[in-house]
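Here's the letter readout for the chains.
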Amino acid sequence: MLKNFVSSLLVICMLAGCGGSEKNSSVAEKKTQNATAVAADIVEDLNLKDSMEEVKKRVVKGMFFQGEDVTDNACVYFSTTSGNSDTVGVFISDDTASILDYLHDYLEEQKAQTQTYYPEEVFKISNAIVDENGSMVILVICNNIEEAKTKVTEVLGK
Amino acid sequence: MTCSSNKVLLAAACLLVCGCAAKEEEKEVEASVSQQAEYACRIIDSYDYHQSVPQDRKADSEYLSDSFFGGDSRMGALVLNGELKNSGAEIYYVTSLNIFRIDSMQVDNNEEEKTLYDLLMETDKHHIYLMLGINEIRYNTFDTLIEQYQWIIDEIRNAHPDVHIYIMLDYHPRSVSGLTLEELNAKVDDVNSKMIDLAVRNKCYFLDIDEALCDETGIIREDYVFDGLHLNVNGEAALEEYLLSHKVSEEDYVKEFCE
């Protein structure tokens, strides 16, 4: 009986330890999450891989953040087709509020710009998905809005 | 040895020494002259980079066939209308070009799907005209735009050290979506002043094409644009006339002076 008790106690302790590690690894995962990997995953799952390309860091910094060093853990894909506004952007930072402000300004600017040259894209930009979970902000502009919304919610763990 | 022999020997020795000295002196003088000749010639560039390109002799076919024009959709007017496109000049434009994506957005109507950056790196023309900076006019600040422009200039100069770069300033549009006229004018003035600084720093020429296109209110003439921004046939003709008559003839400003 004592053996059973000790064995049970050990099992309980191990389970508790496992639960604790899972929690720790989840936090660790958040901290070490790579925007490039997340963005690539979203592009792949939304079947946009063949029509998009990753842009350089200086483009992200210049176009989205007016040159400010808001985050160095960011990745953006733009469409390779002229006039197509499809965009996937992942931005990892503790200051998600600032990123959201910048993205709002970016989208307003894009709408105004696109109105002149590609008015058929304005609807898509107006319905851009922008969401965050406290440490990551995701931006998706694409035709398949519902599928993108589902994917973004899944990635953010909501 | 007799006294007279000694004198003769001494005299001969003196002559020899004087001769050597003379030769050395001659050599020194020659070296000095050579040095002076080497250091006395200087190349002086008297062009005033702080001023917009002044009026000049009209560009001839040789000049035009050695010219490259690249920019955003405003440059498209030169492709669609006028005579410049038949002059041998390379002219390219990218609709909705963002300066940060100059190396990823494809040039309009280019079968090889090249970017403006690709074409700038590949060109063999010596006069490069750039028309950039209107699609970013809604930005809050233009410092990063200018940084990116600097990068473009650096890339061009690295690839083609001998080219002359003309920065075409933004002309003042009648309207741009998302901005009031007052906001638009202020932003155009701001970005243009920064482009002028950029041109001066990099010894690029700049063209104040407002001179060719604007009315007494300081914005582009209504009969020169079809949407408040993009040039129609009349506007293109005015711009083309201006470009042909405002260029820098290097031989007028860059001279070698030898003292």
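Below, the structure is looked at part by part.

About the cut-offs
- Each chain carries its own residue numbering, running from 1 in the direction its sequence is written.
- Labels are handed out in written order, letters beginning with A for the chains and numbers beginning with 1 for the ligands.
- Given that the model is predicted, a residue must reach a pLDDT of at least 70 before its local features are reported, and side-chain atom pairs must reach 80 or more before they are shown or counted; all residues, however, enter totals for whole chains, interfaces and linings.
- To obtain the side-chain values, all non-hydrogen atoms of the structure were included, while hydrogens and water were left out.
- Only DSSP runs of H or I with at least four residues qualify as helices, and only runs of E with at least two residues qualify as strands; both kinds are numbered from the N terminus onward.
- In this scheme, a residue with accessible area under 20% of its type's maximum is buried, one over 50% is exposed, and one in between is partly exposed, where area comes from a 1.4 Å probe on protein chains only.
- In this analysis, two residues are considered to be in contact whenever any of their non-hydrogen atoms come within 4.5 Å of each other.
- Accessibility throughout is a Shrake-Rupley quantity obtained with a 1.4 Å probe, and a residue counts as covered only by protein chains that appear here.
- Only strands that DSSP links by at least two bridges are regarded as paired with each other.
- Orientation is described by lines fitted to C-alpha atoms, with helices fitted over the stretch in contact, and by angles between N-to-C directions that extend from 0 to 180 degrees.
- Throughout, the accessible surface (probe 1.4 Å) given up by two parts as they are put together, summed over both, is called the buried area.
- Should a side-chain nitrogen of Lys or Arg be within 4 Å of a carboxyl oxygen of Asp or Glu, the pair is scored as a salt bridge.
- Amino acids are sorted into nonpolar (Ala, Val, Leu, Ile, Met, Phe, Trp, Tyr, Cys and Pro), charged (Asp, Glu, Lys and Arg) and polar (every other residue, Gly among them).
- Any two of the Phe, Tyr and Trp rings considered here, Trp counted by its six-membered ring, make a pair once their centres fall within 6.5 Å; the pair's planes then place it as stacked at under 30 degrees, edge-to-face at over 60, or tilted in between.
- As used in this record, nonpolar core signifies buried Ala, Val, Leu, Ile, Met, Phe, Trp, Tyr and Cys residues forming a set joined through side-chain atoms within 4.5 Å.
- Points on a 1 Å grid over protein atoms alone make up a cavity when a 1.4 Å probe fits among them but cannot get out, and a pocket when they form an open set with protein on both sides within 12 Å along at least five of seven lines; lining residues each have an atom within 4 Å of a point.
- Grid points are joined across faces, edges and corners, and a volume is the space filled by probe spheres set on the points.
- In these notes the angle categories are as follows: under 35 degrees is roughly parallel, over 145 is roughly antiparallel, 65 to 115 is roughly perpendicular, and the rest is oblique.
- For any pair of crossing helices, the crossing counts as left-handed if the nearer helix is rotated counterclockwise from the farther one by less than a right angle, and right-handed if it is rotated clockwise.
- N or O atoms closer than or at 3.5 Å make up a polar contact, with two conditions inside protein: a donor-capable atom paired with an acceptor-capable one, and, for residues adjacent in sequence, both atoms drawn from side chains.

Describing the overall build of chain B
Part 1 of the argument: The helix and strand inventory of chain B stands at nine helices and seven strands.
Part 2 of the argument: Here chain B holds 259 residues, and 49% of them are scored as buried.
Part 3 of the argument: Across chain B, contacts joining residues at least 24 apart in sequence account for 70% of those joining residues at least 6 apart.
Part 4 of the argument: Carbon and sulfur atoms form 51% of the exposed surface of chain B, whose accessible area is close to 13,100 Å².

A look at the sheet that holds strand S2 (residues 67–72) of chain B
Hydrogen bonds between backbone groups are what pair the strands of a sheet, and the pairing can be parallel or antiparallel.
Residue and element names in this part refer to chain B.
Part 1 of the argument: Ordered by their spatial adjacency, five strands build an open sheet running S3-S2-S4-S5-S6, and the pairing between neighbours is parallel. If you trace the sheet from one side to the other, it starts and ends with strand S3 (90–94) and strand S6 (205–207), each paired once. The sheet shows a mean angle of 20° between the axes of neighbouring strands, direction not considered.
Part 2 of the argument: In the sheet, strand S4 (residues 127–131) pairs with strand S5 (residues 164–168) via four bridges, with the strands oriented parallel. For His127, the partnering residue across the bridge sits in S5 and is His164.
Part 3 of the argument: Seen against the sheet, helix H5 (residues 143–159) touches S4 and S5 and runs at an angle of roughly 155° to S5.

Regarding the interface of chain A and chain B
Part 1 of the argument: Contacts between chain A and chain B engage 20 residues on the former and 21 residues on the latter.
Part 2 of the argument: The largest per-residue losses of area from chain A upon contact with chain B belong to A:Arg58, A:Gln66 and A:Tyr117, which jointly make up 33% of the total buried on that side.
Part 3 of the argument: For B:Asp103, the salt bridge identified is with A:Lys56, shortest N-O distance 3.1 Å.
Part 4 of the argument: Where the side of chain A that touches chain B is concerned, the elements lending two or more residues are helix H3 (57–65), strand S2 (74–79) and helix H4 (96–117) of chain A.
Part 5 of the argument: Among the elements that take part in the side of chain A that touches chain B, H4(A) stands out by supplying seven residues, more than any other.
Part 6 of the argument: Along the lines of polarity and charge, the residues of the side of chain A that touches chain B split into six nonpolar, nine polar and five charged.

Description of the packing of aromatic side chains
Residue and element names in this part refer to chain B.
Part 1 of the argument: Going through the model one piece at a time under the given rule, you end up with 15 aromatic pairs over all chains.
Part 2 of the argument: Ring geometry for Tyr47 versus Tyr205: centroids 4.9 Å apart, planes at 75°, classification edge-to-face. Note that Tyr47 is positioned in the loop between strand S1 (41–45) and helix H2 (61–64) and Tyr205 in strand S6, a separation of 158 residues in sequence. Each member of the pair, Tyr47 together with Tyr205, is buried.
Part 3 of the argument: Ring centres 5.4 Å apart and planes at 45° place the aromatic pair Phe68 and Tyr92 in the tilted group. Placement of Phe68 in strand S2 and of Tyr92 in strand S3 is noted, with a sequence separation of 24 residues between them.

Regarding the nonpolar core
Part 1 of the argument: A:Phe64, A:Phe91, B:Tyr149 and B:Ile167 are the most contacted members of the largest nonpolar core, which has 94 residues in total.
Part 2 of the argument: Residue contacts for B:Ile167: discarding those within four places in its chain leaves B:Leu130, B:Tyr149, B:Ile153, B:Met195, B:Leu198, B:Ala199, B:Cys204, B:Tyr205, B:Phe206 and B:Leu207.
Part 3 of the argument: Listed in part, the 23 residues of the second largest apolar core include A:Met52, A:Val90, A:Ile138 and A:Cys142.

Describing the layout of surface pockets
Part 1 of the argument: Taken as a whole, the largest pocket holds about 450 Å³ of empty space.
Part 2 of the argument: As for the largest pocket, its lining consists of 30 residues, of which A:Gly83, A:Asn84, B:Ser96, B:Arg101 and B:Met105 are closest to the centre.
Part 3 of the argument: Elements with a contribution of two residues or more to the lining of the largest pocket: S2 and H4 of chain A.
Part 4 of the argument: Per-element tally for the lining of the largest pocket: the top contributor is H4(A), with five residues.
Part 5 of the argument: Split by residue class, the lining of the largest pocket holds eight nonpolar, 17 polar and five charged.

Quick look at the packing of H5(B) against helix H6 (residues 181–201) of chain B
Residue and element names in this part refer to chain B.
Part 1 of the argument: At a minimum axis separation of 10 Å, H5 and H6 run at an interaxial angle of 30°. For the element pair H5 / H6, the angle class is roughly parallel. The chirality of how H5 crosses H6 is right-handed. Facing Asp143, Leu145, Ile146, Tyr149, Gln150 and Ile153 of H5, the residues of H6 in contact are Val191, Lys194, Met195, Leu198 and Arg201.
Part 2 of the argument: Grouping the amino acids of the contact of H5 with H6 by side-chain chemistry returns seven nonpolar, one polar and three charged.

Examining the side chain of B:Ser52
Residue and element names in this part refer to chain B.
Part 1 of the argument: By the secondary structure assignment, Ser52 is in the loop between S1 and H2.
Part 2 of the argument: A residue is classified by how much of its surface remains accessible, and Ser52, at 15% relative accessible area, is buried.
Part 3 of the argument: From its side chain, Ser52 meets the backbone oxygen of Phe206 in a polar contact 3.4 Å long.
Part 4 of the argument: Within the structure, the side chain of Ser52 is placed 2.9 Å from the backbone nitrogen of Asp208, a separation counted as a polar contact.

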